[in-house]
Every structure is written in C-alpha cells, then in structure tokens.
Amino acid sequence: MQKVVIVGGGIIGLSIALRLATRDVQVTILEKNKCGGQASGAAAGMLAPFSEIGEDQDVFFDFSLASLRMYPEWQAFVRETSGVEFEFSSSGTLHCVYHEADLLPLSSRISWQSEYNEDMRILSQEQVLEREPHLSKDIKGAIYYPNEAHIYAPDFVKALIAACRNLNVEIYEQIGEVEIVEGSTVRLKTDTMEWEADQVVIATGAWAMKQGEALGLQLPVYPIRGQICAYLPEKPLVSHIIYTSQGYLVPKANGTIVNGASEDIAGFETTVTAKGIDRLKRWNKKMVPALEEITPFHEWAGLRPATQDGFPFIGRLTNHPSVYIACGHYRNGILLSAITAKVVAEDLLGEVVSFPLQAFHPERFS
Ligand SMILES: Cc1cc2nc3c(=O)[nH]c(=O)nc-3n(C[C@H](O)[C@H](O)[C@H](O)COP(=O)(O)OP(=O)(O)OC[C@H]3O[C@@H](n4cnc5c(N)ncnc54)[C@H](O)[C@@H]3O)c2cc1C
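Below, the structure is looked at part by part. Note that the structure is a prediction, hence the values are computed from the model and not measured.

Analysis parameters
Residues numbered from 1 in each chain as written. Predicted model: local features only at pLDDT ≥ 70, side-chain atom pairs only at ≥ 80, totals over all residues. Heavy atoms only, no water. Buried < 20%, exposed > 50% of the residue type's maximum accessible area, 1.4 Å probe, protein only. Helix = DSSP H or I, 4+ residues; strand = E, 2+ residues; numbered from the N terminus. Pairing = 2+ DSSP bridges. Phe/Tyr/Trp six-rings, centres within 6.5 Å; stacked < 30°, edge-to-face > 60°. Lys NZ or Arg CZ within 6 Å of the ring centre and 35° of its normal. Axes fitted to C-alpha atoms, helices over the stretch in contact; angles between N-to-C directions. Parallel < 35°, antiparallel > 145°, perpendicular 65-115°, else oblique. Left-handed = near helix turned anticlockwise from the far one by under 90°. Contact = heavy atoms within 4.5 Å. Nonpolar A, V, L, I, M, F, W, Y, C, P; charged D, E, K, R; others polar. Core = buried A, V, L, I, M, F, W, Y, C linked by side-chain atoms within 4.5 Å. Domains from an automatic or database assignment. Expected span 1.5 Å × (residues − 1). Bend = angle between axes of the 7 residues up to and from the residue. Polar contact = N/O pair within 3.5 Å; in protein donor to acceptor, adjacent residues only side chain to side chain.

1. Describing the pairing of strand S5 (residues 93-97)
- Most of S5 sits inside the fold, with five of its five residues counted as buried.
- Side chains of S5 alternate between two faces, with Thr 93, His 95 and Val 97 and Leu 94 and Cys 96 buried alike.
- Strand direction decides the pairing type here: S5 and strand S7 (residues 141-145), joined by five bridges, are antiparallel. Following the sheet pairing, His 95 is matched in S7 by Ile 143.
- Where S5 lies against strand S15 (residues 241-244), three bridges are found, and the strand directions are parallel.

In structure tokens, the structure reads:
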C-alpha cells in the first residue's frame, strides 16, 4: 500500500488527505500546531469566484469555477463521512457598486462571466433594495450571482478532520518542525519522531517558503494578514453575501454576520489591530447603516498564503520527484480546496489529471 505523508493540516492538507484516504493509500498528516488553527479556521468561507475574479477570464478563474461546481457534492461527502454538521449556504451574492461610473465595469464583467451559463444579472438600486432592504441607499446597483455560496469554515475544517480520522488517516499535531530526508523512500523527522513515505505533500500555507528553501526551491509565498470580525444583530440584516470593493458581509445561519477583511503585511503576526478593525467598521456603514449601532462581538485574524503572481503552487518537483507542493491559495483556499484535493490525488496516484496544472507549477520562479 502506498504511503503518503502530508505536511500541514489546513484545509488544503486535510482535503487532499481525505481524497487519498478513499483510495488504497495510507495517509498521515503532520501538523506543526493544530489542524485548522491557521488561515483555514479564520476564513469567511465565501465560495465566490465571480465576485473575486472580475477582470478577465484566465486559468485561475476556470480552476475556481470548477471548484465551486464541485462543492455541493464534495461538502455532502464530507458531511456523510464525518457525521459532523456544518453550514453550507447557497445564499448567492450581491456584488454592489457605489458610483454611476461603476455600473459600466459591471456590464463588462457580466459580459464575459455570463458565458459560463450561470444565471447572473445586473440589478438596479431599486431591485437591490427590494432584496436587501437594510442595505445603504448609496449603493447604485449590483450584479446578482445566484450560484455563489458560503460555508462555515471553522466547522467545515472540524468535519474534514473527523472524516479523515473515520477513514483511518493518522493525524499528528503539535509536532513542531519537520525535516525531510530523501532516499529510496522519504523520511520525515522531528527531534523525537520519524515517519517514512513514498510521497510527501507540502501543504503548509503561508509557511511554505521555508520548506521550499530547505529543498533548494524558490517558492515565493508570503503571509498577508486578514483582520476580520463578526456581528450579532438582533434581527437578520442581510441574506446574501454582500460583496464590495472595500469589504464584504457574510450572513451565517447562527444569526451572525462575518465582516472581512483587511489585507496587511505583518509578517507571521496574527494579532488584531484597532486600525484594521476600524477600517472595516467605517466601511460597514456604507454597506448596512444599521451596523454602525452595533459593536462586533468577535475579532480575529489569519494569514493568507499569497504568491508572487496570484496563482497557487501545485505540482511535483523535478529534482525531488517524491515531493509534491500544494500551497499559495491566497484569498480563495476554502473555495479551491475541493478541486485542489481532486487534482493532487489524481497526480499522486499517477492518473490522468482532470485540470491542466502547468500554470500553477511550483518551479515557475526557480
Ligand atoms: C481573514 C480571512 C478570510 C478569508 N476568507 C476566505 C473566503 O471567504 N473564501 C476562501 O476561499 N478563502 C478565504 N480565505 C483564504 C483561505 O483561508 C486560505 O487560502 C486557506 O485557508 C489556505 O489553506 P492552507 O491549508 O493552505 O493554509 P493554512 O490553513 O494556513 O494551513 C497551513 C497549515 O500548515 C501548518 N504548518 C506550517 N508550517 C508547518 C510545518 N513546518 N510543519 C507542519 N505543519 C506546518 C500550519 O500550522 C497550518 O495549520 C481567507 C483567509 C483569511 C485570513
């Protein structure tokens, strides 16, 4: 039986592990701290490729849309395999603009996006307010993306962990730094433990540059801090994802509204700053004025794994053929986890890979 060790227990590592565990593979996850304890547990959980990628169609957009389309089936599989409940909501998104001049870019956005046969359309201010009466009257119009969705990321990660355990994935947490030693098989060592593998997957998110260096690879992955907060209004204020150029609101089934997120550079620091949260609060009143009267009940931050060109790193290393890289999913790792897991599992098992991965090759900067 083939042995695969995955380094990093975020949504990318866990999803790959789960995919492989459905096949004849012995899977182990090595997590420095706590599975889901970094970016994956901090995310707003939007599955929103049309809102996120508005400029032009490219391979990254195709990858993202393919992942969105896989989500209903994938999350149902995770629910069934784990026995753990989590929210998956097909709320749709209102992608809102504030100036008459921005209505034209909305038209050009929809002109290429509508080729993807999703039932999207432009709504006037009146139509937007009909759907969402608590939104600001400063909003001039929106694109309605009915097929965008969101998931409650912290619970989804818990379900992935449970599903992995149910399919006999071995999970080691709090193990500190792992050293990779290559031979006929690969060995992974800490000061006190050792594992052996036929193939290793590096899924260490914002920390991947370090593993790249150890393998002589230039892997430009940088941590971009996202500060984010949540409100608990007395009554529901929005029912769709409200997406704008400066911030978003995601209404969760537990009555909270998740409001994100800053993009700042602070090394590997995950503290929240007054400046970061104040910027969100200032913008919120331009989305939903009633939010000005409420204080967020929870504030937190996570580190998005950004890459130099915005594309993830997915692929096998030429000089280290037992080592596979899967990291750098930046703002869309929750969305992209479904397809990443599928293609990485196919590649590791030597099968035909169902999406072309050349543009995401991890050696493209080396
Ligand atoms: C505020 C915020 C909001 C976001 N909102 C969304 C959203 O709405 N939709 C969306 O799709 N994406 C969103 N994202 C992005 C998404 O969270 C990330 O792209 C995704 O979580 C990356 O997953 P990952 O598994 O690569 O990284 P992580 O979740 O960071 O996991 C990497 C893991 O590797 C471990 N690790 C690091 N070094 C080592 C080592 N040497 N040995 C062993 N383990 C190690 C870490 O401890 C960590 O657990 C958001 C991110 C943030 C911060």
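Read on, since the account is not over.
2. With respect to the packing of aromatic side chains
- Summed over all chains, the structure comprises 19 aromatic pairs.
- With 5.5 Å between their ring centres and 65 degrees between their planes, Phe 50 and Phe 61 make a pair best called edge-to-face. Here the residue Phe 50 occupies a position in helix H3 (residues 49-52), and Phe 61 occupies one in helix H4 (residues 59-82), the gap between them amounting to eleven residues. Each member of the pair, Phe 50 as well as Phe 61, is classed as buried.
- Here the aromatic cluster, defined as three or more aromatic residues joined through ring pairs, consists of Phe 50, Phe 61, Trp 112, Tyr 116 and Tyr 145.
- Sitting above the plane of the Tyr 144 ring, Arg 131 keeps its charged end 4.1 Å from the centroid.

3. Brief notes about the packing of helix H1 (residues 11-21) against helix H10 (residues 333-348)
- As a packed pair, H1 and H10 sit with axes 8 Å apart at the nearest point and diverge in direction by 45 degrees. Of the possible angle classes, the one that applies to H1 and H10 is oblique. Here H1 runs over H10; the crossing is right-handed. Along its contact with H1, which presents Ile 11, Ile 12, Ser 15, Ile 16, Arg 19 and Leu 20, the element H10 presents Gly 333, Ile 334, Ser 337, Thr 340, Ala 341, Lys 342, Val 344, Ala 345 and Leu 348.
- Counted by class, the contact of H1 with H10 contains nine nonpolar, four polar and two charged residues.

4. With respect to the nonpolar core
- Core analysis: the biggest nonpolar cluster contains 66 residues, and Ile 6, Ile 16, Leu 20, Phe 63, Tyr 71 and Phe 156 have the highest contact counts within it.
- Two domains each donate at least three residues to this core, and these are domain 1 (2-75 + 153-221 + 308-360) and domain 2 (91-147 + 222-307).
- Discounting chain neighbours no more than four positions away, the residues touching Ile 6 are Gly 13, Ile 16, Ala 17, Leu 20, Val 27, Thr 28, Ile 29, Leu 30, Val 201 and Ala 203.
- By size, the runner-up hydrophobic cluster in this structure holds 23 residues, among which are Tyr 98, Leu 129, Tyr 144 and Leu 237.

5. Concerning H4
- The end-to-end C-alpha distance of H4, which contains 24 residues, comes to 32 Å, matching closely the 34 Å that a straight helix rising 1.5 Å per residue would cover.
- Where H4 bends most, the angle comes to about 50 degrees, and this point is Tyr 71, followed within four residues by the proline Pro 72.
- Sitting at the head of H4, Asp 58 places a side-chain oxygen 3.1 Å from the backbone nitrogen of Phe 60.
- Gly 83 sits one or two residues past H4 and shows a positive phi near 70 degrees.

6. Some remarks on the sheet that holds strand S4 (residues 88-89)
- If you trace the three strands from one edge of the open sheet to the other, you get S3-S8-S4, paired in antiparallel fashion. For this open sheet the edge positions go to strand S3 (46-47) and S4, each flanked by a neighbour on one side alone.
- Bridging between S3 and strand S8 (residues 149-151) involves two bridges; their strand directions are antiparallel. Bridging from a neighbouring strand, Met 46 pairs with His 150 of S8.

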